[in-house]
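# Topology and contacts: notes
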Amino acid sequence: MPESPESSSPLSFVPRSYSLPRDIPRQSRYNFRHLQLLRQNVSSSPLRVIAHLDLDAFYAQCEMVRLGTPPETPLAVQQWESLIAINYAARPFGITRMISAVEAKKRCPGLVLQHVATFREGEGGRWAYRDDAAGSIRTDKVSLDPYRAESRKILSVVKEDLSRWRTRLAGVEERGSEPWLQPARLEKASIDEVFIDLSSLVFGALLQRFPKMRECPTGEERTTALPPLSAGALEWAKECALVDLDEQEAEGDAPDWDDVAMAIGSEIVYSIRKAVWEKLNYTSSAGIARNKMIAKLGSGCNKPNRQTIVRNRAVHRFLGGFKFTKIRMLGGKLGDQVTALFGTEEVSELLKVTLDQLKARLDDDTASWLYGIIRGEDNTEVNPRTQIKSMLSAKSFRPSINSVDQAEKWLRIFVADLYGRLVEDGLLENRRRPRTVTLHCRQGAQDRSRQLPIPTGKTIDEMGLLELSKTLLGQAAVDGRTWPCANLSLSVGGFEDGVVNNRAIDEFLVRGDSIASMTTRSNASATTDESRLAEKKRNANITSFFKREHRSAGELGIGELLNVRDPPESKDLDISGQSVDDLDKMALEKTEDANFPFWEDKIASYICNRCEKSVPSFERNEHEDWHFARDLEARDKQAAKTSHGMQMASLRASNDSGKAKTRGDSGRRGDGKSEKGQTRLAFG
DNA sequence: ATGTCGGAG
DNA sequence: GGCTCCGACAT
């Protein structure tokens, strides 16, 4: 039952206190280099913290908010005679997605049934909520615009809260220059889901709350272990949705910094969910873990309105309890194939299969990926792409339609739909425009499509799009084989950015790039001299940025830049604990500039013994950290490869022969080609 | 560059 | 089941 995160029970999901060691210190598995990787959201960092945030029964909540129905009122969203979303109040009545509206009403007479908004033939291309929509399948087309609009609002609240965190953790006002603390990275995964890479914020919080962590050594010393934590250092609130630890781990054991990182991540996520609830009245669920795959599984574990933390020490037990078909990419034919090949759907069973056995039956890439993924390995990046790549407006016809005339009526509606969305996307401001328009139609099992370039230089308007789509329809219908048509759709794609001045782009590259993305890029394109050069250049830019920042920060006194202050939200969220004493004490310790992680004041250069390039000494730490990150990535490079193609290749190949093969150059290995079977991280 | 296919949410 | 969105591959 939806309720405010706050009202559910005060301060759930949030650790009660952090503290520094007071009993027997225990060596951390992590060192200062690992800590530094966190700063740039490097995906191979063993301290990484990823959140997956998922709105509960999203379409249903949108209607609850729009109609103002209370959380305890059962409500379902209807599309023609079927249901596409059911709120949590309705679920106890046995209402599921695949029963009919009539059946639902029988099971729960008090159910509020709200039909989705629709476009209607001859009504000016405007969607509306209509009482008679359910019976108007012949004249109406579903519109998801209201949900897209809510999705955008929610996303902006999430962003706002994340940026509030960054500001607080950075500890200085933004002054128009690059902040030293990277923003959290956000990936919109679908209309109701986002991934957030919280690593950089967690880094900021660690430095803020644990001054010891700022005493970052230089050079070889950077592999010095992080300060130890004592057994009672981290006390989780008892309501915390913590996944149980693996068998060989005990709650009584001293936590390590990855646990602290998760706790901080959880706190940030809690504050985001709270903001979304308070500002927009939506409840959400979340998973917090070291990568996207686990975070995503976690967010589904305690719905609705709960967040689930999967600590690194809990990953194996957590995953062991799942069917592997729940893992992304294994929900389809690849999953079926694996099930058939190994006679099980359980992760715990599949864990017994060796890598070689997997490789005997799947192509190498798929086998390695599968081997890693069921062991909790997933280094895929949180991809900040926010830009839509294509837009599609479609309608299924039952019964089918039979003429160009009928089809053209729908084209008008498609065009109105797409045009409205293009405007939202920035068409009018000339920020973005599509290059192509495509028409698809289906006749029986036969799919066909026709595509045309959108004339460049001319403004795109509804008339123009309609003309193009009519042309396409004409092309598709020449042989008459398109009728009867069961499905028609129009899409635009190949978006290009409008005119932006070059200086802005330049600046964006410098500002937006991180060591993480540089590393990724260099993996993607086998490292050429050019790319190496480009990397170095960016690296230099980043370094010089920090030097700049150092100087301006120097005016304030370096102590201020990273000064200790109250943990954000500490009052609201009751985190504090006794750690304040420790923090105060540590704050008094004078921190030397040389101890700061990101800069040094030397001018000489040295030759890196890894890549044999000359590197200015002041870049040495970054440079070595960069190699370190690459080494980590190289270890599970296979796992990091995404897999859509692998699936297809593997499936296709397995249809031909017994064993799947990778084709083309997709099997190319990077320079980290690494030993077979050596895909696990040393940490985690 | 265009068309086809299939996966996922 | 309908509606999107995406990416790989073939041509």
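Before reading further, recall that the structure is shown in the block above.
Residues numbered from 1 in each chain as written. Chains lettered and ligands numbered in written order. Predicted model: local features only at pLDDT ≥ 70, side-chain atom pairs only at ≥ 80, totals over all residues. Heavy atoms only, no water.

## Thoughts on the pattern of salt bridges
Summed over the entire model, instances satisfying the criterion amount to 31 salt bridges. One salt bridge in this structure joins K303 and D56, with 2.8 Å as the shortest N-O distance. Taken as a pair, K303 in the loop between α8 (292-299) and β13 (307-309) and D56 in the loop between β2 (50-55) and α3 (58-67) lie far apart in primary sequence, 247 residues in all. Of the residues examined, D56 reaches a relative accessible area of 1% and is grouped as buried. Of the charged contacts, one joins E424 and R152 as a salt bridge, the two residues approaching to 3.5 Å between their closest N and O atoms. Taken as a pair, E424 in helix α14 (residues 404-424) and R152 in helix α5 (residues 145-170) lie far apart in primary sequence, 272 residues in all. Residue R152 is classed as partly exposed on the basis of its relative accessible area of 40%. Because the salt bridges share partners, they merge into one network encompassing R120, E123, R130, D132 and D140. (Salt bridge = Lys/Arg side-chain N within 4 Å of Asp/Glu carboxyl O. Helix = DSSP H or I, 4+ residues; strand = E, 2+ residues; numbered from the N terminus. Buried < 20%, exposed > 50% of the residue type's maximum accessible area, 1.4 Å probe, protein only.)

## As for the sheet that holds strand β16 (residues 436-443)
Within the open sheet, the 4 strands sit side by side as β14-β18-β16-β17. Their pairing is antiparallel. The open sheet has two edge strands, β14 (390-401) and β17 (446-453), and neither has a second partner. Along the sheet, successive strands turn relative to each other by an average axial angle of 15°, direction set aside. Pairing of β16 with strand β18 (residues 485-493), which is carried by 7 bridges, proceeds in the antiparallel orientation. For R442, the partnering residue across the bridge sits in β18 and is N487. Running over the sheet, α14 touches β14, β16 and β18 and is turned about 155° from β14. Sitting on the sheet, helix α15 (residues 462-477) touches β16, β17 and β18, and the angle it makes with β17 is about 140°. (Pairing = 2+ DSSP bridges. Axes fitted to C-alpha atoms, helices over the stretch in contact; angles between N-to-C directions. Contact = heavy atoms within 4.5 Å.)

## A few points about the protein's contact with DNA strand B
Surrounding DNA strand B, one finds 16 residues, the nearest of these being E193, G332, K333, S449 and Q451. Among atoms of DNA strand B positioned within 4 Å of the protein, sugar and phosphate together represent 93%. Between DNA strand B and the protein, one listed contact pairs a phosphate oxygen with a backbone N or O atom of G331 at 3.4 Å. Separating a phosphate oxygen of DNA strand B from a backbone N or O atom of G332 is a distance of 2.9 Å. Only β17 and α24 (644-656) provide two or more residues apiece to the surface near DNA strand B. In terms of residue class, the surface near DNA strand B is built from 4 nonpolar, 7 polar and 5 charged. (Near = heavy atom within 4 Å. Polar contact = N/O pair within 3.5 Å; in protein donor to acceptor, adjacent residues only side chain to side chain. Nonpolar A, V, L, I, M, F, W, Y, C, P; charged D, E, K, R; others polar.)

## Here's the deal with unusual backbone geometry
With an omega of -5°, the peptide bond running from K303 to P304 counts as cis. Following the sequence through the fold, P304 ends up in the loop between α8 and β13. With a phi close to 55°, N41 is a non-glycine residue in the positive phi region. Not every positive phi belongs to a glycine, and W80 is a case in point at roughly 55°. Tracing the backbone shows W80 in the loop between β3 (75-79) and β4 (82-86).

## Points about the pairing of β16
Across 8 bridges, β16 lies against β17 in antiparallel orientation. When the bridges of β17 are listed, R442 appears paired with D447. Following β16, the chain reverses through 2 residues before pairing antiparallel with β17; G444 in that reversal takes a positive phi of roughly 60°.

## Details of the nonpolar core
Counting residues in each nonpolar core, the largest one holds 70 residues, and the members touching the most others are L162, I196, L198, L206 and W257. When residues in this core are grouped by element, the largest group, 12 residues, is from helix α7 (residues 257-280). Both domains that furnish three or more residues to this core are identified here as domain 1 (32-54 + 151-330) and domain 2 (58-144). Apart from the residues lying within four places of it in its own chain, the contact partners of L198 are V49, A51, L162, G265, I268 and V269. (Core = buried A, V, L, I, M, F, W, Y, C linked by side-chain atoms within 4.5 Å. Domains from an automatic or database assignment.)

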